[in-house]
Amino acid sequence: RAGQGGETGAMLEEGERPTTRCEDVIGATAAREALTFIRDWLQDPQQYAAAGIEPPQGILLTGPPGTGKTMLARALAGESDCAFLVEAATNFVTKYQGSGPENIRELFARARRYAPSIVFIDEIDAIGANRAEARSGFVGHGEAMTLNQLLTEMDGFCKTAERTAVVIAATDQS
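Residues numbered from 1 in each chain as written. Predicted model: local features only at pLDDT ≥ 70, side-chain atom pairs only at ≥ 80, totals over all residues. Heavy atoms only, no water.

**What to know about the sheet that holds strand β2 (residues 83-88)**
For the record, the criterion: Pairing between strands is defined by DSSP: at least two bridges between them are needed. A run of H or I in DSSP counts as a helix once it spans at least four residues, and a run of E counts as a strand once it spans at least two, with each numbered from the N terminus. The convention used is that axes are lines fitted to C-alpha atoms, helices contributing only their stretch in contact, and that angles between N-to-C directions extend from 0 to 180 degrees. Contact definition: two residues touch when any of their heavy atoms are within 4.5 Å.
Strand order in the open sheet formed by 4 strands is β1-β4-β3-β2, and the pairing between neighbours is parallel. Strand pairing shows two members of the sheet lacking a second neighbour, β1 (59-62) and β2, which therefore form its edges. The mean inter-strand angle of the sheet, taken between neighbouring strand axes irrespective of direction, is 20 degrees. Where β2 and strand β3 (residues 117-122) come together, 6 bridges link them in parallel fashion. Looking across to β3, one finds that Glu87 is bridged to Ile121. On top of the sheet, helix α3 (residues 36-43) reaches β1, β3 and β4 (165-171); it is set at about 150 degrees to β4, its chief contact.

**Looking at the packing of aromatic side chains**
What describes a pair of aromatic rings is the distance from one ring centre to the other and the angle between the planes of the rings. What counts is decided by this rule: Between the rings of Phe, Tyr and Trp (Trp by its six-membered ring), a pair exists once the centres lie within 6.5 Å; its type follows the angle of the planes, with under 30 degrees stacked, over 60 edge-to-face, and the other angles tilted. Partly exposed residues are those whose accessible area sits between 20% and 50% of the maximum for their type, while under 20% is buried and over 50% is exposed, using a 1.4 Å probe and protein chains only.
Per the stated rule, a full pass over the model turns up 2 aromatic pairs. Relative to Tyr48, the ring of Phe37 has its centre 5.3 Å away and its plane inclined at 85 degrees; by these criteria the two rings are edge-to-face. One end of the pair, Phe37, is in helix α3; the other, Tyr48, is in helix α4 (residues 45-50), and 11 residues separate them in sequence. Taking relative accessible area as the criterion, Phe37 reaches 33% and is therefore assigned partly exposed. When the ring of Phe84 is compared with that of Phe120, the centres are 6.1 Å apart and the planes differ by 25 degrees; the resulting orientation is stacked. Here Phe120 lies in strand β3 and Phe84 lies in strand β2, a separation of 36 residues in the sequence. For the pair shown, Phe84 and Phe120 are each scored as buried.

**Some points on helix α6 (residues 99-113)**
Cut-off, in case you're wondering: For a helix, the expected span equals 1.5 Å multiplied by the number of residues minus one.
Counted at 1.5 Å a residue, the expected span for α6 with its 15 residues is 21 Å, and the 21 Å between its end C-alpha atoms agrees. Considered for burial, the residues of α6 that qualify are Ser99, Gly100, Pro101, Ile104, Leu107, Phe108, Arg110, Ala111 and Arg113.

**Quick notes on the pairing of β3**
Of all 6 residues that make up β3, 5 are buried, and the element is covered over most of its length. One ladder, built from 5 bridges, connects β3 with β4; its direction is parallel. By the bridge assignment for β4, Ser117 is matched with Ala165.

**Points about the environment of Gly100**
When you line up the elements, Gly100 lands in helix α6. Taking the C-alpha atoms as reference, Gly100 lies 8.6 Å from Gln149; in sequence the two are 49 residues apart. In this structure Gly100 touches Phe92, Thr94 and Thr146, once residues within four positions along its chain are discounted.

**What about the pattern of salt bridges?**
Pairing of side chains with opposite charge becomes possible as their charged atoms draw close. The cut-off we apply is this: Think of a salt bridge as a Lys or Arg side-chain nitrogen and an Asp or Glu carboxyl oxygen that are within 4 Å of each other.
Taken as a whole and judged by the stated rule, the model has 5 salt bridges. One salt bridge in this structure joins Glu87 and Arg110, with 3.5 Å as the shortest N-O distance. Within this pair, whereas Glu87 is found in strand β2, its partner Arg110 is found in helix α6, the two being separated by 23 residues in sequence. Grouping residues by exposure puts Glu87 and Arg110 together as buried. Salt-bridge contacts for Glu102 lead to Arg105; the nearest nitrogen and oxygen are separated by 3.1 Å. Within this pair, Glu102 and its partner Arg105 are both found in helix α6, separated by 3 residues, close to a single helical turn. Residue Glu102 is classed as partly exposed on the basis of its relative accessible area, which comes to 32%.

The values are spatial; any link to function lies outside them.
As structure tokens, this is what we get:
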């Protein structure tokens, strides 16, 4: 795709198409089997759209550090021949008001541009606090705005068969 102002230096990194395959992931057999629907849907979204099956809005991978959550997401992108966009949720938590939601909007704009794509957000718990913490005031207003923007983007995100994308988030919390 043609680059837009200022993004040409980062195009290859942002639109990476991994060569990792599911066979490269050791273990995680149940997780790989569970993700076969997503792989099949990304490879042939028209088949599922014709059957009236809606695309998933997101997937959450949980497990201790070092269990292969990132590699599993990368393998799914490799098997599906999709662009793979990776961000750490901590990159969305900034000291400047409004920059977190803006960063989310930019990430999703890139995902739409490179569709079909997989957006992988690592350590999602950095912005995904539970409601009790949010009400008690332990969570900053910026994190709440960032989380709301993420949920808003996921809700309306690439629902057509031509512009397919999936959001995968990972956390070490259970």
